[in-house]
Structure formats: structure tokens, C-alpha cells
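Okay, here's what each chain looks like letter by letter:
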Amino acid sequence: MDLKQKLEILADAAKYDASCASSGTAKRDSTRGGLGSTEGMGICHAYAPDGRCISLLKILLTNACVFDCAYCVNRASSNVRRARFTVEEVVKLTLDFYRRNAIEGLFLSSGIIRSPDWTMEQLVRVARTLREDHGFQGYIHLKTIPDADPLLVEQAGRYADRLSINIELPQADSLKALAPEKDLPAIRQAMGGLRARIEGAQDEARGARRAKAPRFAPAGQSTQMIVGADASDDATILGTATDLYAGYRLKRVYYSAYSPVPDASRVLPPIAPPLVREHRLYQADWMLRFYGFSKDEVIAGGEGGMLDLALDPKTAWALKHRTDFPVDLNRAPRERLLRVPGLGAKTVEKLVAARRHTRIRLEDLARLRVSVAKVAPFVVTDDHRPRLLDSAGLRERLIPGTAFAAAAGGGGQAGRPVQMSLF
Amino acid sequence: MGVAAVLPGPADFAAWRNAARGLLAAGVRPEDAEWRVAGDAPGLFAEDAPPPAAGAAFHVPRAFVELAEIAIRHSDPERFALLYRVLWRLTHGEHALMQVATDPDVVRLSAMAKAVKRDAHKMHAFLRFRQVETEAGTRHVAWFEPEHHIEEAEAGFFVRRFAGLRWSIVTPRRSVHWDGQALSFGPGGRRAEVPPDDAVEPLWRAYYAAIFNPARLKPGAMRAEMPRKYWRNMPETAEIPRMLAEAPKRVAEMVARGGSAPNPNPQRPRHLAAASRVAADMDLLDASTDPKAALAALARELAGRNDLPDFARRATQAVFGEGPIGAPLFFVGEQPGDEEDIQGRPFVGPAGRLWNRALGDAGVPRDEAYVTNAVKHFKFAPTGKRRLHQSPDAGDIAYYRPFLLREIGIVGPRLLVALGATALRALTGKAMPVMKTRGTIVDGPEGLPVFATVHPSFLLRIPDQDGQQREYAKFVDDLRAARAQVH
């Protein structure tokens with residue numbers, strides 16, 4: 001099998017992992033040798049027709065795997081073609097693509113072969129070769145295998161910018177049913193171990209012994225949950241996410257709509273991926289992290305533990321809490337402005353700064369490129385008082401008449417990519 | 001009377017600033033100033049030379065300078081005039097103008113800066129080098145068509161990233177060259193100067209096609225982030241029409257096929273370590289005689305329970321005690337906290353560290369103390385990046401009580417020390433006020449004496465330093481008194 005065929009198989013096998021971030025790591029460059037740089041901001045070097053950013057060379061070392069996770073294209077009982085890169089092949093591909101400015105770095109994962117330690121050691125070897133033999137300064141994201149030896153994890157953290165362990169499903173019972181070899185307590189403990197090391201390295205870097213600080217995954221850890229493969233509702237998914245953010249200080253939880261794979265398991269036949277639901281979960285996740293909402297508040301915007309598919313969760317929440325509105329843009333505190341549908345965090349900062357010197361009018365919102373139709377029902381300005389706040393028809397008016405709204409009803413495919421600003 | 005300021009280059013901020021200072025010092029109003037780049041066609045006020053730069057300094061907000069340095073690279077010919085108008089307003093009674101994000105001039109200036117930054121970001125992202133072998137060695141050459149005057153400003157990004165390569169970036173207006181040591185700039189060029197292909201491109205195109213998921217077709221989202229104008233200089237985009245055309249068929253086939261039969265020859269573990277069941281059985285055998293094995297078995301038993309309280313399922317792990325078997329003093333705290341939950345060890349968080357210090361100050365040797373918690377899992381409420389401790393209720397305490405009692409039985413202490421109300425309840429089986437019981441001995445399980453004192457987290461919550469010191473001293477006294485009971 002030639003290199004191109006291997007690349008096709010092992011990229012295909014890696015694409016169901018939604019993570020693409022290349023941001024937030026330590027600043028490095030190649031002016032004192034080596035190749036590459038990281039400057040804080042992630043770079044999406046291309047976009048595929050699925051709307052997803054291509055930032056890293058995202059591949060598996062091998063798609064052979066002894067685990068039999070029903071949702072996974074690479075499960076042990078799947079009929080897909082198997083392939084395996086050598087360490088040198090991955091290193092060369094990474095450097096060749098990087099020199100052409102096609103990628104920010106490497107996101108390397110692997111099926112579990114032989115043993116967790118053996119697999120982890122192969123991943124570490126790729127990262128070490130890139131860093132030590134080639135002076136590679138670009139971004140490296142390594143998948144971490146929960147049961148791997150702590151010594152290997154320590155080495156992984158030394159070479160990688162980010163480490164991740166995928167929780168895959170939001171509750172233990174689902175994992176037991178669909179991924180029998182995976183063990184939720186072991187995954188939690190591994191995430192806890194990563195948090196301890198990441199914070200240890202940060203403390204060290206802040207302290208006096210700066211020069212000797214052992215580097216450990218400066219861009220932190222992340223995880224992924226598959227949406228729609230099990231029966232978990234949105235409340236369960238977001239509950240698990242909030243626990244993970246709080247307990248293990250994850251940088252990101254990625255939500256990945258369960259997607260048809262070329263050789264699906266009979267346990268989980270192919271369905272249209274629930275893309276709108278995935279999008280709503282990302283919006284809800286943003287509300288939890290940047291807008292001061294609690295999980296219960298976000299969930300209260302929907303029905304029966306599920307988010308409203310037709311409306312973004314902030315609008316859905318506001319419609320159920322109409323007595324909290326209207327909010328006076330010239331007087332209300334920042335926390336209340338953040339709760340207004342259609343106002344993003346940056347817009348709120350601009351309004352708070354501007355109103356010290358001028359009065360906010362509705363036309364100002366348009367100048368700031370805010371959707372006036374979305375915001376107006378919930379706010380008071382010098383020239384505007386909302387009239388429809390108590391109207392039963394407000395919800396219908398706010399459902400956007402876009403392809404996205406149509407898709408929300410039909411479970412179809414539309415909408416902005418998840419990396420975009422979401423409000 | 002109008003004047004014309006002629007700048008040497010299209011994005012020369014230093015020259016603009018110099019000219020603007022001169023105009024400002026001469027009191028030239030924005031509508032009387034005309035801005036041109038050398039080589040542009042002369043305008044209305046072509047005959048007027050700009051006034052010389054004066055020594056007078058003008059104080060403007062840093063936010064303006066930062067925005068202006070970027071916005072001046074915009075291709076809009078009116079950028080210089082807009083900058084001067086904003087500068088004029090800032091120095092004529094509107095010093096806070098930059099904070100008024102809703103002002104039309106500020107909106108326009110911000111939009112220009114944003115467009116320049118986006119152009120730069122897309123240059124970092126979408127520029128593709130092609131590798132060529134020359135007599136002087138390997139070179140990397142790229143053709144790119146930026147919308148704004150960003151070539152010189154962004155050269156540094158490519159130097160930092162590719163300092164070890166020798167490269168050239170050619171655009172219609174400028175060319176940038178890095179020879180491994182120094183940057184040089186030249187005139188613009190043509191696309192034909194850049195080689196038409198590269199040996200690695202077939203692999204890159206194959207990767208681009210393979211990483212695409214046909215079941216998530218969102219071409220609009222792709223075009224929003226990667227507008228068509230960039231496509232002709234990106235080799236992988238040649239694959240897009242085929243990818244789009246084939247996607248519906250690929251998905252229909254997947255769905256029509258449904259679930260497929262498991263592979264008759266599945267991947268098998270070859271060298272996976274055998275399940276640790278044998279080791280577990282060994283532990284069970286030893287548990288009756290070896291206390292360490294008995295503690296391990298107890299922890300495993302708890303982990304295997306399927307009636308754990310809900311909060312326990314959200315903890316990282318159960319945390320049992322630490323200390324020597326046979327320790328005369330058996331300390332019981334409330335429950336593991338955030339750090340204990342992560343490390344899997346009791347009393348390693350802030351309260352635990354304080355307890356450790358007090359133990360030393362009371363002269364209690366560590367080999368006389370075993371320490372554990374009444375509740376074995378961390379009960380918390382998540383808030384952002386923190387987990388807030390939640391007190392265990394009577395039901396939680398009752399659930400873990402049998403495990404605590406068996407832990408006591410295995411360690412075999414002479415005195416139980418209850419740290420706080422939860423421990424006191426767990427050890428006595430009933431709710432008792434800590435402050436009233438403190439320093440006294442009450443009856444515990446199996447007739448063992450229980451000595452009550454406060455939980456060290458109580459000391460951490462005292463707001464004033466005097467109170468802290470006073471309570472700490474009392475706590476140390478309590479520990480000393482407890483030790484006296486077993487000596």
C-alpha cells in the first residue's frame with residue numbers, strides 16, 4: 001500500500017473527531033532554529049465542504065483497534081480496510097505539509113493495538129521525533145490513552161501542546177452498552193491526572209524556577225462527546241460537560257453529531273447526523289462558559305431536558321423569562337446585557353464603554369452589526385420601547401426564516417460552522 | 001485654503017503621522033486636507049505643499065494609534081482622510097471618541113482595521129508555498145493576492161515561522177524575500193513566476209478529500225470562511241467540485257447499506273495484558289489476614305456498588321484513608337474535596353495541609369495517625385471552572401457508614417477523632433453539636449471512644465487573622481489532648 005492510500009485511510013478514520021483547535025499554546029518561533037511557530041491565535045488553513053476547519057494534519061497512526069465501540073468506524077469488528085503509518089511517515093508528512101504552509105501542526109490519534117502502553121509509546125515517539133530531531137515548533141495535539149503508563153503520559157505532555165481523552169458518551173451506562181472496553185472511572189481519573197500535571201507545570205512556570213519548569217501540555221486538555229448515538233438528553237450531555245469543565249478544567253468539550261460511517265454497526269445503523277442539535281449544544285456550551293448562565297437555566301429554555309431546536313438557546317431562555325425583560329441598554333448592568341438575545345460579549349463591552357459618553361439608540365445597534373430584529377423585542381433605548389414582549393406570537397416571529405430554521409424542523413443540514421461566533 | 005499631503009508609500013504610518021502632526025499644528029481642518037500616495041494622480045489641491053512637521057506633540061489615546069497603524073493598510077483611498085478626521089475630533093473636544101463604538105467614524109475605522117486583520121489572517125492561512133530546487137538550493141515560493149497593503153506588515157509572521165527556509169512571497173504589488181538571514185522587498189510580480197505544482201500537492205489534495213465528511217455537507221459555511229477569491233491559489237480546492245458532487249451518493253449508499261455484519265475476523269488483542277482478575281482474587285484471599293489487602297478490597301467493593309448515590313457517579317474516584325495499620329489515632333474528616341478527588345488521597349487540599357501543620361505543632365507523630373473521611377466521594381456543584389463543595393446530608397453519611405466502620409475495624413485504632421459535625425454524626429450515628437461536644441469523649445462504634453473537635457476547614461473560613469490564630473491554637477490543643485488519651 002503506498003503512502004497516499006495510507007493517508008486516505010487514516011485521515012478518513014480520524015475525521016469523526018471534531019477537535020481542530022490550534023490556539024492558546026505557548027508562543028514559539030523558529031528564529032533560533034527548527035521549523036514553525038505558534039503565536040496564540042489558531043489558524044484554519046482550509047475549510048472542507050462540510051464547513052469544518054482544517055488546521056492540523058488529523059490522522060490516526062493506525063486504524064487497527066482491539067476495542068469494539070459500536071459508534072466507531074475503526075471498531076474491532078468493522079470491515080474497513082486497515083492501515084498503519086510508520087513513525088517516520090507521519091513525521092515526514094507533517095513536515096512536508098507544514099513547509100507548504102498547509103497546516104499548523106499535527107493531531108495524532110490511534111486505534112488501540114497490542115496494549116495501551118505500546119500504542120501510547122508510538123504516539124509519543126512521533127511527537128518526540130518532530131520536536132527533538134527536527135526542532136518542530138508547530139502545534140501538536142496527542143490523543144491520550146486512559147490506561148497508559150503515567151511515565152508515557154508525562155512524556156506526551158512534554159512534547160504536545162494539547163492532550164485529549166475522549167469521553168465519547170455522556171454517561172456510564174451508554175459506554176457500557178456501546179463501548180464495552182471503555183471505562184468511565186478510568187477516563188475521569190486520567191483527566192484528573194492531566195489536570196494535576198497541567199496545573200503543576202503552570203504553577204512552576206509562574207514561580208521562581210521559571211527556567212526549569214517542566215513543560216506539560218500548555219494548551220490544556222479537551223474531550224469529545226458524541227451526540228445522538230445513545231439516548232442521553234441535552235440536560236445529561238450539558239451536565240456531564242459542566243462537570244468536566246469544573247473538575248478537569250477542560251479547554252473545550254467538543255460535541256460531535258453521530259454521523260453515518262462507511263461500515264456501520266448493526267447496533268447503531270446510519271442516521272442523518274443531528275447537526276442542528278449539535279449546533280444548539282455548542283451555543284448552550286458558550287452560554288455556560290461566557291454568558292453566566294447555569295446548566296439548569298439553559299435547559300429550562302427547552303422542553304423535557306432537550307434544547308429548543310428552532311431557536312438559539314439564549315432566545316429560547318429569554319422567551320420563557322419575559323419578566324426579566326425589557327433590559328434598558330443605557331442603564332442595565334453588564335450581566336443583564338449579556339442575557340439579551342442577539343448581544344454578543346464583544347458588543348456588550350462596546351455598549352458599556354460607549355454609554356458612558358453617549359446615549360444608545362436603536363440605530364447604534366445596527367451600526368454595530370447587531371440583528372435589530374432579534375434584539376429589539378427585549379430592550380429599551382431612548383427611541384424604542386418593545387411592544388411585543390407579552391405577545392403570544394413573539395416566538396414565531398423570532399424563529400429565523402433561514403435555511404437553518406427550516407432544517408431545524410427537518411433534521412437536515414445547514415447552519416454556520418461551530419467555530420463561528422454563535423450569537 | 002486646501003493643502004495636499006503626499007505620502008511615500010501606501011501603508012506608511014510613520015509618514016502619515018508626521019504629516020498629520022504638521023497639519024494639526026497648522027490648524028488645517030480635515031475638509032481642507034487632501035491625502036495622496038506618491039505616484040497617484042494629482043488632486044484638487046495639487047499645488048499646495050504640506051506644512052512641515054512641527055515640534056508640538058499631540059496626546060491621543062493609545063487605542064487610536066493601535067487602530068490607525070492597522071487601518072492605514074486598508075486599500076480604501078479615503079483611509080488617510082478618515083484617520084485625520086478622527087485625529088482632528090480627538091484633539092478638538094472629543095477625547096473619549098474611541099470609546100464611542102457607535103460613532104459612524106469609529107465604526108468605519110474599526111471596520112477597516114477588522115478587514116485588514118482578516119486579510120492578514122487569511123494570508124497566514126491560505127498562502128501555499130511550492131518547493132523548487134534551484135542551483136542555490138531549495139526555495140519555497142508562493143503567489144498570493146491580498147486585498148490590502150499587508151505584505152510588509154505580515155512578512156514577520158513568515159520569518160518567525162519559516163526562519164530556516166529560504167522563501168519568496170510574490171503578490172501583484174510587492175514581493176518579499178527571505179534568504180535565511182534578512183528580508184528584502186521588491187516590486188510586485190506575476191503568478192507565472194511561481195512554479196505551477198509541487199511534488200507534495202497530490203498528497204495534500206488526497207488528505208483534503210479524505211478528511212471531509214460527506215454526511216455533513218455545509219458548502220455555505222465553507223465559502224463564508226474560505227471565499228472563492230482565494231481558491232485559485234489553493235491546490236486542494238480543485239477537489240471541491242468532485243467532493244460536492246459525490247457526497248449525496250456516498251451518504252445514500254451508507255444509509256441504504258444500514259448496519260453491516262461484524263467482520264468474521266475481527267481485530268484481536270495480541271499482547272494485551274490479561275485482565276487483572278487473578279490479581280483481584282489474590283487480594284481477596286489475603287484480605288482476611290493482610291490489612292492492606294483488606295483495605296484495597298474494601299475500596300474495590302465500594303467502586304463496584306451499583307447503588308452509589310448520584311453525586312458519587314460524578315466524582316473522579318473514591319478516596320479512602322491513609323496511615324499506618326494499627327495507628328492509635330484514627331482521624332475522620334467530612335469528605336474529599338477538589339484536590340483529594342483529583343489525587344485520590346485524603347487531606348491533601350488546603351484544609352488537609354492545615355491539619356497536617358497542626359498535627360506537627362501538637363507533637364503528634366505521623367505514624368500514630370490514620371486519616372480518612374466519613375464520606376468517600378466528593379460531593380460538589382459545578383460553577384464554571386470550579387467545583388463548589390456541598391455538605392453531605394444524613395442519607396449520604398448513612399450510606400458510607402458501613403465502609404467507615406469496616407475501615408476502622410481493619411486499622412484497629414484506640415481513639416477515634418471526629419473532625420467536624422459530619423464525622424461526629426458518622427461515628428456516633430446521631431446528630432450532635434460539635435461546639436458543645438468539642439474536647440470531650442463520647443461513645444463510638446464497638447465501644448470505641450470518640451474525641452470531638454472542629455474540622456480544619458472551619459479555621460480557614462474565619463475572616464480575621466486574630467480569630468484564626470486563636471482558633472488554630474485551640475485546635476492544636478485539641479489534638480494534643482486527643483493524643484494524651486492514648487498515651
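Rules behind the numbers
- Residues numbered from 1 in each chain as written.
- Chains lettered and ligands numbered in written order.
- Predicted model: local features only at pLDDT ≥ 70, side-chain atom pairs only at ≥ 80, totals over all residues.
- Heavy atoms only, no water.
- Helix = DSSP H or I, 4+ residues; strand = E, 2+ residues; numbered from the N terminus.
- Rg over C-alpha atoms; globule rule 2.2 N^0.38 Å.
- Buried < 20%, exposed > 50% of the residue type's maximum accessible area, 1.4 Å probe, protein only.
- Contact = heavy atoms within 4.5 Å.
- Areas by Shrake-Rupley, 256 points an atom, 1.4 Å probe, with all protein chains shown as cover.
- Pairing = 2+ DSSP bridges.
- Axes fitted to C-alpha atoms, helices over the stretch in contact; angles between N-to-C directions.
- Disulfide = S-S within 2.5 Å.
- Core = buried A, V, L, I, M, F, W, Y, C linked by side-chain atoms within 4.5 Å.
- Domains from an automatic or database assignment.
- Salt bridge = Lys/Arg side-chain N within 4 Å of Asp/Glu carboxyl O.
- Polar contact = N/O pair within 3.5 Å; in protein donor to acceptor, adjacent residues only side chain to side chain.
- Phe/Tyr/Trp six-rings, centres within 6.5 Å; stacked < 30°, edge-to-face > 60°.
- Patch = residues over 30% accessible without salt bridge, like charges linked within 9 Å, V, L, I, M, F, W, Y side chains within 5 Å.
- Lys, Arg positive; Asp, Glu negative; His and termini not counted.
- Charge placed at Lys NZ, Arg CZ, Asp CG, Glu CD.
- Expected span 1.5 Å × (residues − 1).
- Bend = angle between axes of the 7 residues up to and from the residue.
- Buried area = accessible area lost by both parts, 1.4 Å probe.
- Right-handed = clockwise from strand over helix to strand, strands pointing away.
- pLDDT = per-residue confidence, 0-100.
- Parallel < 35°, antiparallel > 145°, perpendicular 65-115°, else oblique.
- Left-handed = near helix turned anticlockwise from the far one by under 90°.
- Nonpolar A, V, L, I, M, F, W, Y, C, P; charged D, E, K, R; others polar.

### Thoughts on the overall build of chain A
Phase 1 of the analysis: Across its full length, chain A carries 16 helices and ten strands.
Phase 2 of the analysis: Computed over C-alpha atoms, the radius of gyration of chain A comes to 23 Å, within 12% of the 22 Å expected from 2.2 N^0.38 for 423 residues, which places it in the range of a compact globule.
Phase 3 of the analysis: When the backbone C-alpha atoms are referred to their principal axes, chain A occupies close to 65 × 55 × 40 Å.
Phase 4 of the analysis: Looking at chain A as a whole, 63% of its 423 residues qualify as buried.

### Looking at the overall build of chain B
Phase 1 of the analysis: Counting secondary structure elements, chain B contains 18 helices and 14 strands.
Phase 2 of the analysis: Residue burial in chain B is summarised as follows: out of 487 residues, 49% are buried.
Phase 3 of the analysis: By sequence separation, contacts in chain B at least 24 residues apart represent 70% of the contacts at least 6 residues apart.
Phase 4 of the analysis: Carbon and sulfur atoms make up 53% of the accessible area of chain B, which totals about 22,900 Å².

### Describing the sheet that holds strand 5 (residues 139-143) of chain A
Residue and element names in this part refer to chain A.
Phase 1 of the analysis: Taken in spatial order, the six strands of this open sheet run 3-4-5-6-7-8, and their pairing is parallel. Strands with a single pairing partner mark the edges of an open sheet, and in this sheet they are strand 3 (56-60) and strand 8 (252-257). When the angles between neighbouring strand axes are averaged without regard to direction, this sheet yields 20°.
Phase 2 of the analysis: Where strand 6 (residues 162-164) meets strand 7 (residues 221-227), two bridges bridge the pair, whose relative direction is parallel. Within the sheet, the bridge partner assigned to leucine 163 lies in strand 7 and is glutamine 221.
Phase 3 of the analysis: Along the sheet face, helix 8 (residues 275-290) touches strand 7 and strand 8 and points at about 165° away from the line of strand 8.

### Thoughts on the state of the cysteines
The term disulfide refers to a covalent linkage connecting the sulfur atoms of a pair of cysteines.
Residue and element names in this part refer to chain A.
Phase 1 of the analysis: Applying the stated criterion across every chain, the model contains one disulfide over all chains.
Phase 2 of the analysis: Two residues, cysteine 44 and cysteine 53, share a disulfide whose sulfurs are 2.4 Å apart. Disulfide cysteine 44 to cysteine 53: torsion about the S-S bond roughly -95°, handedness left-handed.
Phase 3 of the analysis: Exposure remark for cysteine 44: the relative accessible area of 18% places this residue in the buried category.
Phase 4 of the analysis: Looking at the unpaired cysteine 20, the closest cysteine sulfur is the one in cysteine 53, lying at 3.9 Å.
Phase 5 of the analysis: On the basis of relative accessible area, cysteine 20 is assigned to the buried category, the value being 12%.

### What about the sheet that holds strand 7 (residues 183-187) of chain B?
Residue and element names in this part refer to chain B.
Phase 1 of the analysis: The sheet built from five strands is open, its strands ordered 3-4-5-6-7 with mixed pairing. Strands at the two margins of the open sheet, each flanked by one partner only, are strand 3 (130-134) and strand 7. Neighbouring strand axes in the sheet, compared pairwise and without regard to direction, differ in orientation by 25° on average.
Phase 2 of the analysis: In this sheet, strand 4 (residues 137-143) lies alongside strand 3 in antiparallel orientation, the contact comprising five bridges. By the bridge assignment for strand 4, valine 132 is matched with arginine 139.

### Concerning the nonpolar core
All names here are of chain B.
Phase 1 of the analysis: Ranked by size, the top nonpolar core spans 203 residues in total, and within it Trp16, Trp35 and Tyr84 carry the most contacts.
Phase 2 of the analysis: With nine residues, helix 4 (residues 104-126) is the largest single contributor of residues to this core.
Phase 3 of the analysis: Apart from residues no more than four positions distant in its own chain, tryptophan 35 is found in contact with Ala5, Leu7, Trp16, Ala19, Ala20, Leu23, Phe80, Ala81 and Tyr84.
Phase 4 of the analysis: With 54 residues, the next largest nonpolar core counts Trp355, Leu404, Ile408 and Phe451 among its residues.

### Examining the domain arrangement of chain A
All names here are of chain A.
Phase 1 of the analysis: For chain A, the assigned domains are domain 1 (3-273) and domain 2 (299-410).
Phase 2 of the analysis: Centre-to-centre, using C-alpha coordinates, domain 1 lies 37 Å away from domain 2.
Phase 3 of the analysis: Contacts between the two partners involve four residues from domain 1 and, on the opposite side, five residues from domain 2.
Phase 4 of the analysis: Between domain 1 and domain 2 we count zero salt bridges in total.
Phase 5 of the analysis: For the pair domain 1 and domain 2, the number of links is three residue pairs in polar contact (both at pLDDT 80 or more).

### Notes on the packing of aromatic side chains
Both the distance between ring centres and the angle between the ring planes are used here to describe each pair of aromatic rings.
All names here are of chain B.
Phase 1 of the analysis: Taken as a whole, this structure holds 29 aromatic pairs over all chains when the rule is applied.
Phase 2 of the analysis: Seen from their ring centres, tryptophan 35 and tyrosine 84 are 5.8 Å apart, and the 55° between their planes marks the pair as tilted. Note that tryptophan 35 is positioned in strand 2 (residues 33-37) and tyrosine 84 in helix 3 (residues 79-91), a separation of 49 residues in sequence.
Phase 3 of the analysis: For tyrosine 84, a relative accessible area of 0% gives the class buried.
Phase 4 of the analysis: Here phenylalanine 158 and tryptophan 167 contribute two aromatic rings whose centre-to-centre distance is 6.2 Å and whose plane-to-plane angle is 65°, an arrangement assigned as edge-to-face. We note that phenylalanine 158, like tryptophan 167, is buried.

### A look at a positive patch on the surface
Phase 1 of the analysis: A cluster of basic residues, Lys346, Lys350 and Arg369 of chain A together with Lys114 and Lys117 of chain B, forms a positive patch on the protein surface.
Phase 2 of the analysis: Elements represented by at least two residues in the positive patch include exactly helix 12 (345-354) of chain A together with helix 4 of chain B.
Phase 3 of the analysis: Tracing the backbone shows lysine 114 of chain B in helix 4.
Phase 4 of the analysis: The exposed category is assigned to lysine 114 of chain B, whose relative accessible area is 63%.

### Quick notes on helix 14 (residues 394-411) of chain B
Residue and element names in this part refer to chain B.
Phase 1 of the analysis: With 18 residues, helix 14 should cover 26 Å at 1.5 Å per step; its first-to-last C-alpha distance of 25 Å lies within 8% of that length.
Phase 2 of the analysis: The largest bend along helix 14 reaches roughly 40° and is located at arginine 401, with the proline proline 402 sitting one to four residues downstream.
Phase 3 of the analysis: Along helix 14, the residues classified as buried are Asp396, Ile397, Tyr399, Tyr400, Phe403, Leu404, Glu407, Ile408 and Val411.
Phase 4 of the analysis: Tucked into the core, helix 14 has its buried residues touching helix 10 (291-304), helix 11 (310-314), strand 8 (329-333), strand 9 (369-373), strand 12 (415-419) and helix 15 (421-428).
Phase 5 of the analysis: Looking at where helix 14 begins, the residue whose side-chain oxygen comes 3.0 Å from the main-chain nitrogen of glycine 395 is aspartate 393.
Phase 6 of the analysis: Following helix 14 by one or two positions, glycine 412 has its phi on the positive side, about 70°.

### Observations concerning the interface of chain A and chain B
Accessible area lost on assembly of the parts is the figure often given for the size of an interface.
Phase 1 of the analysis: At the interface, 97 residues of chain A touch 87 residues of chain B.
Phase 2 of the analysis: A combined buried area of about 7,800 Å² lies between chain A and chain B, and 58% of that area is made up of carbon and sulfur atoms.
Phase 3 of the analysis: In terms of surface lost to chain B, no three residues of chain A exceed Tyr47, Pro49 and Arg100 of chain A, which account for 11% of the buried area on that side.
Phase 4 of the analysis: In this assembly, chain A and chain B are joined by seven salt bridges.

### Details of the pattern of salt bridges
Phase 1 of the analysis: For the coordinates displayed, the defined rule picks out 68 salt bridges over all chains.
Phase 2 of the analysis: With a closest N to O distance of 2.9 Å, aspartate 382 of chain A and arginine 359 of chain A form a salt bridge. Here aspartate 382 of chain A, found in the loop between strand 10 (379-380) and helix 15 (394-398), pairs with arginine 359 of chain A, found in the loop between helix 12 and helix 13 (362-367); they are 23 residues apart in sequence, far enough to count as distant.
Phase 3 of the analysis: Its salt-bridge partner being glutamate 94 of chain B, residue arginine 89 of chain B comes within 2.8 Å of it at the nearest N-O pair.
Phase 4 of the analysis: When salt bridges with common partners are traced through the structure, they connect Arg195, Glu199 and Arg249 of chain A together with Asp338, Asp341 and Arg387 of chain B into a single cluster.

### Some words on the pairing of strand 7 of chain A
Residue and element names in this part refer to chain A.
Phase 1 of the analysis: In terms of residue burial, strand 7 counts as a mostly covered element, since seven of its seven residues are buried.
Phase 2 of the analysis: Neither face of strand 7 is left uncovered, since the one carrying Gln221, Thr223, Met225 and Val227 and the one carrying Ser222, Gln224 and Ile226 both have all their residues buried.
Phase 3 of the analysis: Here six bridges tie strand 7 to strand 8, and the two strands are oriented parallel to one another. Across the sheet, glutamine 224 pairs through a bridge with tyrosine 254, a residue of strand 8.
Phase 4 of the analysis: A crossover links strand 7 with its parallel partner strand 8, the connecting element being helix 7 (residues 234-248), and its sense is right-handed.

### What to know about the confidence of the model for chain A
Phase 1 of the analysis: Averaged over every residue, the pLDDT of chain A is 91; residues scoring 70 or more account for 93%.
Phase 2 of the analysis: Counted against residues more than four places away or in other chains, residues 403-423 of chain A, with its pLDDT under 50, gives 46 contacts.

### Focus on the environment of phenylalanine 380 of chain B
Phase 1 of the analysis: Within the secondary structure, phenylalanine 380 of chain B sits in strand 10 (residues 380-383).
Phase 2 of the analysis: When sequence neighbours within four positions are dropped, the list of residues in contact with phenylalanine 380 of chain B reads Asp243 of chain A together with Arg314, Ala315, Arg387, Leu388 and Gln390 of chain B.

### Looking at the packing of helix 3 of chain B against helix 4 of chain B
Residue and element names in this part refer to chain B.
Phase 1 of the analysis: Running from N to C, helix 3 and helix 4 point in directions that differ by 135°, and their axes come no closer than 10 Å. What the angle tells us is that helix 3 and helix 4 run oblique. Pair helix 3 / helix 4 crosses with left-handed handedness. The residues of helix 4 that touch helix 3, namely those facing Arg79, Leu82, Leu83, Arg85, Val86 and Arg89, are Asp105, Arg108, Leu109 and Met112.
Phase 2 of the analysis: When its residues are assigned to classes, the contact of helix 3 with helix 4 shows five nonpolar, no polar and five charged.

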